[in-house]
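Listed below are the residues making up each chain.
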Amino acid sequence: MQTLHQAGLVDVYRLLQYPVIVGTGKRLSPDGSTPATFATGEESSRVLPGGVVSLTLNPTSLGAISAGAYAVNKGRSATVLD
């Protein structure tokens, strides 16, 4: 998966996050991986029965990402512009 990610060949990530802690586990993005930002739509994330979270992530940029300031507005993050 990392090879496809680094080449920019992944259009959509579909993840299921289970509310279970078992050891350290394997990291999705190990240290040294190419930075990326992702976008989600209104219907792209939901909580399934049993607490499982279903996420659909669309890569928006690959490589150097810019840092910014963010605030929470009505339960959603919002970029703070100067």
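### A word on the overall build of the protein
Right, on to step 1. Per the secondary structure count, the protein includes one helix and six strands.
Right, on to step 2. Order of helices (α) and strands (β) in the protein, N terminus to C terminus: α-β-β-β-β-β-β.
Right, on to step 3. Here the protein holds 82 residues, and 11% of them are scored as buried.
Right, on to step 4. Intrachain contacts of the protein at a sequence separation of at least 6 include 61% that bridge at least 24 residues.
Right, on to step 5. With an accessible surface of roughly 6,800 Å², the protein has 55% of that area assigned to carbon and sulfur atoms.

### Re the side chain of Ser54
Right, on to step 1. Structurally, the position occupied by Ser54 is in strand 4 (residues 53-62).
Right, on to step 2. Contacts of Ser54, omitting those with residues within four sequence positions, involve Leu15, Leu16, Ser44, Ser45, Arg46 and Leu48.

### Some details on a nonpolar patch on the surface
Right, on to step 1. A surface patch of nonpolar side chains, amounting to about 450 Å² of accessible area, comprises Leu16, Tyr18, Val20 and Val22.
Right, on to step 2. Locating Val22 in the fold gives a position in the loop between strand 1 (13-17) and strand 2 (36-39).
Right, on to step 3. On the basis of relative accessibility, which here comes to 67%, the residue Val22 falls in the exposed class.

### Points about the side chain of Thr56
Right, on to step 1. By secondary structure assignment, the location of Thr56 is in strand 4.
Right, on to step 2. In this structure Thr56 comes out as buried when scored by relative accessible area, which is 19%.
Right, on to step 3. The residues contacting Thr56, other than those within four sequence positions of it, are Val12, Tyr13, Arg14, Ala39, Thr40 and Ser44.

### Quick look at the confidence of the model for the protein
Right, on to step 1. In the predicted model, the protein carries a mean pLDDT of 75, and 79% of its residues have values of at least 70.
Right, on to step 2. Between the elements of the protein, mean pLDDT differs from a low of 70, seen in helix 1 (residues 2-6), to a high of 87, seen in strand 3 (residues 45-47).

Basis of the calculations
Residues numbered from 1 in each chain as written. Predicted model: local features only at pLDDT ≥ 70, side-chain atom pairs only at ≥ 80, totals over all residues. Heavy atoms only, no water. Helix = DSSP H or I, 4+ residues; strand = E, 2+ residues; numbered from the N terminus. Buried < 20%, exposed > 50% of the residue type's maximum accessible area, 1.4 Å probe, protein only. Contact = heavy atoms within 4.5 Å. Areas by Shrake-Rupley, 256 points an atom, 1.4 Å probe, with all protein chains shown as cover. Patch = residues over 30% accessible without salt bridge, like charges linked within 9 Å, V, L, I, M, F, W, Y side chains within 5 Å. Salt bridge = Lys/Arg side-chain N within 4 Å of Asp/Glu carboxyl O. pLDDT = per-residue confidence, 0-100.

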